[in-house]
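# Architecture and fold: a report
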Amino acid sequence: ETVMTAFSDGEYDILLSTSIIESGIDLPRVNTMIIHRADMFGLSQLYQIRGRIGRGKIRGYAYLTVPARRNISKTAERRLNVMQALDTLGAGFSIASHDMDIRGAGNILGEEQSGHIKEVGVALYQHMLEEAIAAAKSGTAFEDDAEDNSWSPIISTGMPVLIPERYVADLGVRLGLYRRISELNSKDDAELMAMELIDRFGKIPEEVENLLAVVYVKQLCKIANVEKVDAGPKGVVVSFRNNTFPKPEGLIQYISSQLGMIKIRPDQKIVAEYRLDTSKERIDAVKKILKRLASIAVGEK
């Protein structure tokens with residue numbers, strides 16, 4: 001407090017500080033800032049720190065330094081490019097949007113502060129959240145209702161499922177694509193979307209292929225009443241909603257035909273023991289199992 005008061009009163013011309021000054025400091029006479037190793041700070045943090053200068057009538061200058069003989073990460077480079085581009089009044093919302101796009105938003109109902117929403121996309125996560133809130137308000141969030149189609153299956157494969165910035169640079173366009181992809185209802189719709197993406201942006205990267213595949217798998221999950229699918233290096237675990245399957249006799253025949261590769265656990269979950277080292281192997285195995293479960297659920301042989 002003594003140092004800050006002296007600096008504010010003009011007893012010192014230079015203040016050397018940590019990032020503790022990033023918020024709550026109002027010094028109108030300060031007009032120049034040098035941020036050492038700016039690549040080590042987060043985007044919102046840089047924005048707050050930069051906001052400490054130029055608060056009076058004097059024009060402010062902020063210099064963001066990086067190591068001269070060391071490469072910085074691509075994420076850090078993106079943050080610094082955003083800071084350089086957005087230097088006008090009212091840029092806070094744009095900064096926040098870019099920050100969310102770079103880090104991935106946190107878990108609204110949990111403790112994770114980054115990355116959670118990025119797994120499924122902002123639009124799809126918002127849609128899932130709206131469904132959950134509506135169900136909770138109506139009192140049906142935990143009721144067993146076979147006619148309820150508002151639930152959303154959870155697909156966990158440990159692989160990237162997103163539209164990368166290198167593929168679609170514009171944030172608004174990416175969010176629009178997420179929204180459209182989340183509304184796909186069939187394999188044909190997914191294929192049409194893939195063709196459109198190729199036509200507009202070029203060859204589809206692996207992350208987008210994963211995203212389209214997951215959307216297709218979710219439709220199969222709806223048909224087979226599958227609530228959750230977990231796929232990892234050692235196999236696939238399938239959980240049924242309310243522990244029920246539309247055609248249990250067909251399910252038993254299917255499992256019996258797999259010669260021990262697929263089993264039913266005591267908790268009513270299906271476990272398929274496969275060696276799945278790559279993302280493609282995992283999603284292919286999930287699609288194969290869910291296709292079969294969906295066909296059994298609708299009575300196909």
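Residues numbered from 1 in each chain as written. Predicted model: local features only at pLDDT ≥ 70, side-chain atom pairs only at ≥ 80, totals over all residues. Heavy atoms only, no water.

Take P153: it is sitting in the loop between α5 (122-138) and β3 (154-156). Using a relative accessible area of 1% as the deciding quantity, one classes P153 as buried. Sequence spacing of P153 and V215 is 62 residues, and the spatial spacing of their C-alpha atoms is 9.8 Å. Those residues in contact with P153, other than ones at most four positions away along the chain, are K218, C221, K222, V226 and E227. (Helix = DSSP H or I, 4+ residues; strand = E, 2+ residues; numbered from the N terminus. Buried < 20%, exposed > 50% of the residue type's maximum accessible area, 1.4 Å probe, protein only. Contact = heavy atoms within 4.5 Å.)

Bringing helix α10 (residues 279-297) into the picture now. Given 3.6 residues to a turn, an α-helix orients residues that are three or four positions apart in the same direction. Taking 1.5 Å per residue as the helical rise, α10 with its 19 residues ought to reach 27 Å, and the 27 Å between its terminal C-alpha atoms agrees with that figure. Next to the buried residues of α10 lie α8 (206-224), β4 (226-232), β5 (235-240), α9 (248-256) and β7 (270-273). After α10 finishes, the residue G299 shows a positive phi value of roughly 90 degrees. (Expected span 1.5 Å × (residues − 1).)

This part takes up the sheet that holds strand β6 (residues 262-264). Within the open sheet, the 5 strands sit side by side as β3-β4-β5-β7-β6. Their pairing is mixed. Of all the strands in the sheet, just β3 and β6 have a single pairing partner and so form its edges. Strand-to-strand twist of the sheet, defined as the mean angle between neighbouring strand axes without regard to direction, takes the value 15 degrees. Pairing between β6 and β7: 3 bridges, direction antiparallel. Paired with I262 across the two strands is A272, which belongs to β7. Helix-sheet contacts for α8 involve β3, β4 and β5, and the interaxial angle to β3 is about 130 degrees. In the packing of α10 onto the sheet, contacts are made with β4, β5 and β7, and the angle to β4 comes to roughly 150 degrees. (Pairing = 2+ DSSP bridges. Axes fitted to C-alpha atoms, helices over the stretch in contact; angles between N-to-C directions.)

Under the defined criterion, the tally for this structure stands at 10 salt bridges. A salt bridge links R55 to D26; its shortest N-O distance comes to 2.9 Å. Remark: D26 occurs in the loop between α1 (2-8) and β1 (32-35) and R55 occurs in the loop between α2 (43-50) and β2 (61-64); sequence separation between them is 29 residues. According to the relative accessible area criterion, R55 is partly exposed, its value standing at 38%. In this structure, E196 engages R200 in a salt bridge whose closest nitrogen and oxygen atoms are separated by 3.3 Å. Taken together, the residues E196 and R200, both in helix α7 (residues 187-201) and 4 residues apart, mark about one turn of the helix. The class of R200 is partly exposed, set by a relative accessible area of 44%. Through salt bridges with shared partners, a single ionic network connects R180, E196 and R200. (Salt bridge = Lys/Arg side-chain N within 4 Å of Asp/Glu carboxyl O.)

Once that is clear, we can look at α9. Residues of α9 that are buried include every one of G250, L251, Y254 and I255, and no others. Across the axial projection of α9, the buried residues extend over an arc of 135 degrees, all falling on one side. Facing away from the buried side of α9 by over 90 degrees, the exposed positions are I252, Q253 and S256. On the buried face of α9, the contacting elements are β5, β6, β7 and α10. (Arc of directions from axis to C-beta.)

With that out of the way, let us pick up unusual backbone geometry. A positive phi angle, near 55 degrees, is found at N243, a position not held by glycine. Within the secondary structure layout, N243 lies in the loop between β5 and α9. Looking at N243, the relative accessible area reads 47%, which means it is partly exposed. Of note, the phi angle at Q268 is positive, near 70 degrees, even though the residue is not glycine. With respect to the helices and strands, the residue Q268 is situated in the loop between β6 and β7. On the basis of relative accessibility, which here comes to 40%, the residue Q268 falls in the partly exposed class.

Turning our attention to the nonpolar core. Membership of the largest hydrophobic core comes to 50 residues, with the highest contact counts inside it found for I163, L212, V226, V236, L290 and L293. Not counting residues up to four positions away in its chain, the partners in contact with V236 are V229, D230, A231, I270, V271, A272, L276, A285, V286 and I289. Grouped together as the second largest cluster of nonpolar side chains are 16 residues, L46, L80, M83 and L86 included. (Core = buried A, V, L, I, M, F, W, Y, C linked by side-chain atoms within 4.5 Å.)

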